[in-house]
Amino acid sequence: MTGFVAYYRVSTDRQGRSGLGLDAQRAAVASFMVGRGELSAEFVEVESGRKNDRPQLSAALDQCRRQRATLVIAKLDRLARNVAFVASLMESGVEFVAVDNPHADKLMLHMLSAFAEHEQRQISARTKAALAAAKARGVKLGGPNPAAAAARGRAVLAAQEAPVRAMALPIIRQMRETGATLRTIATALKTEGVPPLRGQAWHPETIRKLLVDTKNNSFT
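Chemist: Got a minute to help me understand the pattern of salt bridges in this structure?
Modeler: The tally for this structure, following the rule as stated, stands at 3 salt bridges. Its salt-bridge partner being D62, residue R65 comes within 2.4 Å of it at the nearest N-O pair. Of the two residues, R65 and D62 both sit in helix α3 (residues 55-67), 3 residues apart, roughly one turn of that helix. By relative accessible area, R65 is classed as partly exposed at 41%. Salt-bridge contacts for R208 lead to E205; the nearest nitrogen and oxygen are separated by 2.6 Å. Taken together, the residues R208 and E205, both in helix α9 (residues 204-215) and 3 residues apart, mark about one turn of the helix. Residue class for E205 comes out partly exposed when judged on its relative accessible area of 39%.

Chemist: Explanation requested: unusual backbone geometry in the structure shown.
Modeler: The phi angle of most residues is negative, glycine excepted, and most peptide bonds adopt the trans form. Positive phi values are uncommon outside glycine, yet R68 reaches one of about 55°. Relative to the helices and strands, R68 is located in the loop between α3 and β3 (70-73). Residue R68 is classed as exposed on the basis of its relative accessible area, which comes to 60%.

Chemist: Would you explain the sheet that holds strand β4 (residues 96-98) in this entry?
Modeler: Hydrogen bonds between backbone groups are what pair the strands of a sheet, and the pairing can be parallel or antiparallel. Here we have 4 strands laid out as an open sheet, ordered β2-β1-β3-β4, and parallel in their pairing. The open sheet terminates on both sides in strands that have one partner only, identified here as β2 (41-46) and β4. Within this sheet the neighbouring strands show an average axis-to-axis angle of 25°, counted without direction. Inspection of the sheet shows β3 paired to β4 by 3 bridges, in the parallel sense. Its bridge partner being in β4, I73 is matched across the sheet by A98. Set on the sheet, helix α2 (residues 22-33) makes contact with β1 (4-10), β2, β3 and β4; between it and β1 the angle comes to about 160°. Helix-sheet contacts for α3 involve β1, β2 and β3, and the interaxial angle to β2 is about 160°.

Chemist: Is there a simple way to think about the pairing of β2 in this case?
Modeler: Two faces make up the sheet, and in a regular strand the side chains alternate between them. Here β2 shows one buried face, formed by A41, F43 and E45, and one open face, formed by E42, V44 and V46. Of the strand pairs in this sheet, β1 and β2 are connected by 6 bridges, and their pairing is parallel. Bridged to Y7 within β2 is F43.

Chemist: Any chance you could explain the nonpolar core here in plain terms?
Modeler: Where a protein is soluble and globular, its nonpolar side chains tend to be buried together. Core analysis: the largest hydrophobic core is formed by 39 residues, its most contacted members being L71, L76 and W202. Looking at this core, the element that brings in the most residues is helix α7 (residues 146-177), giving 6 residues. Beyond its immediate stretch of four places on either side in the chain, W202 contacts V164, A168, A186, L189, K190, V194, P195, P196, L197, I207 and L210. Counting 11 residues, the second-largest nonpolar core is a separate cluster that includes F4, A6, A74 and V97.

Chemist: Looking at this structure, I do not really get the packing of aromatic side chains. What am I missing?
Modeler: Pairs of aromatic rings are described using the distance from one ring centre to the other and the angle between the two planes. For the structure shown, the criterion picks out 1 aromatic pair. An angle of 80° between the planes, with centres 6.1 Å apart, marks the rings of F4 and F32 as edge-to-face. Of the two residues, F4 sits in strand β1 while F32 sits in helix α2, which places them 28 residues apart along the sequence. F32 sits in the buried class, given a relative accessible area of 11%. Residue placement shows R36 over the ring face of F32; its charged tip is 3.9 Å from the ring centre.

Parameters and conventions
Residues numbered from 1 in each chain as written. Predicted model: local features only at pLDDT ≥ 70, side-chain atom pairs only at ≥ 80, totals over all residues. Heavy atoms only, no water. Salt bridge = Lys/Arg side-chain N within 4 Å of Asp/Glu carboxyl O. Helix = DSSP H or I, 4+ residues; strand = E, 2+ residues; numbered from the N terminus. Buried < 20%, exposed > 50% of the residue type's maximum accessible area, 1.4 Å probe, protein only. Pairing = 2+ DSSP bridges. Axes fitted to C-alpha atoms, helices over the stretch in contact; angles between N-to-C directions. Contact = heavy atoms within 4.5 Å. Core = buried A, V, L, I, M, F, W, Y, C linked by side-chain atoms within 4.5 Å. Phe/Tyr/Trp six-rings, centres within 6.5 Å; stacked < 30°, edge-to-face > 60°. Lys NZ or Arg CZ within 6 Å of the ring centre and 35° of its normal.

So this is what it looks like as structure tokens:
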């Protein structure tokens, strides 16, 4: 017996109740399933905080093993940043397909997770060092600080994009050295299945900004 089993994930109880994010995931999976039959089961994980127990993921993987089915997820980049998810999927032996990146395999998933985990550790270390330095200068911590909040937001965004940048930049640099245009590089990234930054398709302007940011050491 074969088929497809869908796994959806939302981050909070409120999102789970409201359907925020869940409807988009279901729509993406439904579009993927056109011409492939029907899902044999759906599992929705409502997570909160940093809890590592994921009973719905375990149930979805068990179902896949029982019927030799493929696990379907809507967005690879979000789940790839979740180390517990990656570990569970790797250990299960279950095949999977990501709707937003159908060419991705377990090696890519492992790489994305490793880069994301490394970047999170780096950001945590830099944040702690910055807070310690500020405290040493007599800065009062914990009060409203729009500039600090904006900086934290940029740091979070950088962490989220780190795995994609790590995959894309070697390709971009190599092709630029051969004289390829930005449009040609964008097409190559799509062909290679490199997930786009911030969920958008690769465009020449996206690549140009990425090169400028890297040159200015914005993400190093």
